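Residues per chain, in single letters:
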Amino acid sequence: MAQGPATFEGRPALVLSNDKLELMMLPQGGAMVNLILRDDPEKLSPLWNPARMARETGEKPTFGASMGHFLCVDGFGPVSAQEQAAGMTGHGEAHIQPWSLQSSGKKGGVTTLVFSVKLPLVEENLTRTLQLADGESVVYVESELESLLGFDRPACWAEHATIGSPFLEPGKTVVDMSASRAKTRPHEKAGGGLAHRLPSSEDFTWPMAPSVAGGAIDLRAAPLNPSSGDHTTCLMDPARRLVFVTALHPEKRLLFGYLFRREEFPWTQNWENYPPSGKLARGLEFSTQPFDVPRREVISARSMFDAPVYRWLPAKSKIGSRFLFFYTRTPEGFRKIDDVRLEGGRLIIEDRAAGKRMELAASLGL
């Protein structure tokens, strides 16, 4: 059911819930900012809340509207001087514009919310539909991006899914995904900020990345003594139609993850913000491009690892995407997620090394 009004960190919010989950999102910018299990006494959300982290450390929040899972469209990364002069901000317009609730209702045990947002600078309209079925631990998200212009153009799109402390715990919470080929972000000219554990612009095979100190680093978990900031990208498995990225806290037996169409989002970016305060953030950003960089740089690159780095948005036409995310408890003994797949209206989740398997109802599919 849709419940309201609500607030999140002093901002108006809307709640979508069933007997399993409660999801909170912001009408201003459309970010999905809090996700809890209804029967969890801790009310622990896996999603990144920079406002709470700053409050706990006595600092001022620095990320503005960016929190939880927010949408970067049309644009993902910094803007050019000309775009900035025209009023464009980083990561596109969708995450800063007001979203309008077009409809809400429940039919056949499925609650549906439909939002729309106008993107005036790029002259696009976005419609986003969220669905939650009774008895399921899965949220379904379908989006449609419409061009109002009379010519084809490249579109840059990212689902900036971000987890954070305390769910993201050093040395404990692990990230898995259906990927192999990967690359560290170029940072030769970057200055300031947290130190890099990883060298600039080097290829590797997920999850074992090269270290600036020599040897290799397993990127699945944050370091026990955090004090670094790095960014890598992974090409999702081209042999799969549906690909996944998950975050598992084995001690708390909590699993958060996404399943999405590889043709729509070939890349998953792993943004690591690991300050010494222990207030960690980590992006699980599935996107059309390998890194969040200016539009001109994306288009000039044309491809990476022989894979596309943008989508085409045809004249006066629409393109779409559909993905799902889930949040659930796991059986005892899950330590790694080797596979997430849809079979017959069920999500099958496996830790093959441990001989563990679980199933979640996923009746609406992809």
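Residues numbered from 1 in each chain as written. Predicted model: local features only at pLDDT ≥ 70, side-chain atom pairs only at ≥ 80, totals over all residues. Heavy atoms only, no water.

The strands that make up a sheet pair up through hydrogen bonds in the backbone, lying either parallel or antiparallel. The strand order E6-E7-E8-E9-E25-E19-E18-E12 describes an open sheet built from eight strands, whose pairing is antiparallel. Edge positions in the sheet fall to strand E6 (100-107) and strand E12 (174-177), since each of these pairs with one other strand and no more. Sheet twist, expressed as the mean angle between neighbouring strand axes with direction ignored, is 15°. Across nine bridges, the pairing between strand E9 (residues 138-147) and strand E25 (residues 318-329) is antiparallel. Each residue of the ladder has a partner; that of Ser143, found in E25, is Ser321. (Pairing = 2+ DSSP bridges. Helix = DSSP H or I, 4+ residues; strand = E, 2+ residues; numbered from the N terminus. Axes fitted to C-alpha atoms, helices over the stretch in contact; angles between N-to-C directions.)

With that out of the way, let us pick up the pairing of strand E8 (residues 124-133). Most of E8 sits out of view: nine of its 10 residues are buried. Alignment of strand E7 (residues 110-119) against E8, held across 10 bridges, turns out to be antiparallel. By the bridge assignment, Leu119 is partnered in E8 with Glu124. If you look at the hairpin formed by E7 and E8, you'll find four residues sitting between the two strands, and Glu123 has a positive phi there, around 55°. Note that E8 and E9 share nine bridges and pair antiparallel. Across the sheet, Thr129 pairs through a bridge with Glu142, a residue of E9. As consecutive antiparallel partners, E8 and E9 are separated by four residues, and within that stretch Gly135 has a phi angle of approximately 80°, a positive value. (Buried < 20%, exposed > 50% of the residue type's maximum accessible area, 1.4 Å probe, protein only.)

If you walk through the whole model with that rule in mind, you get 16 aromatic pairs. When the ring of Tyr258 is compared with that of Phe286, the centres are 5.1 Å apart and the planes differ by 55°; the resulting orientation is tilted. Here the residue Tyr258 occupies a position in strand E19 (residues 254-261), and Phe286 occupies one in strand E21 (residues 281-287), the gap between them amounting to 28 residues. Accessibility expressed as a relative area gives 1% for Tyr258, which makes it buried. Residues Phe265 and Phe286 carry aromatic rings whose centres are separated by 5.3 Å and whose planes lie at 80° to one another, so their mutual orientation is edge-to-face. Separated by 21 residues along the polypeptide, Phe265 in the loop between E19 and strand E20 (267-274) and Phe286 in strand E21 bring together distant segments of the chain. A single burial state applies to Phe265 and to Phe286, both of which are buried. A connected cluster of aromatic rings, assembled from ring pairs, spans Trp157, Phe167, Phe256, Tyr258, Phe260, Phe265, Phe286, Phe323, Phe325 and Tyr327. (Phe/Tyr/Trp six-rings, centres within 6.5 Å; stacked < 30°, edge-to-face > 60°.)

Bringing the sheet that holds strand E28 (residues 356-361) into the picture now. A sheet is described by the order of its strands in space; here three strands give the open sequence E26-E27-E28, paired in antiparallel fashion. On the outer flanks of this sheet lie strand E26 (339-343) and E28, each paired with one strand and no other. On average, adjacent strands in this sheet sit at an angle of 20° to one another, irrespective of strand direction. Direction of pairing for E26 relative to strand E27 (residues 346-351): antiparallel, over a ladder of five bridges. Bridging across to E27, Val340 finds its partner in Ile349.

So, about the pairing of E7. Moving residue by residue along a regular strand, the side chains alternate between the two faces of the sheet. With respect to burial, E7 is a largely interior element, eight of its 10 residues being buried. Of the strand pairs in this sheet, E6 and E7 are connected by seven bridges, and their pairing is antiparallel. Looking across to E7, one finds that Lys107 is bridged to Val110.

The next point concerns the environment of Gly164. Secondary-structure assignment places Gly164 in strand E11 (residues 157-164). Its relative accessible area of 0% is what places Gly164 among the buried residues. C-alpha of Gly164 to C-alpha of Pro50: the two residues are 114 residues apart in sequence and 8.2 Å apart in space. Once you skip the residues sitting within four places of it in the chain, Gly164 turns out to touch Pro46, Leu47, Trp48, Met53, Leu280 and Ala281. (Contact = heavy atoms within 4.5 Å.)

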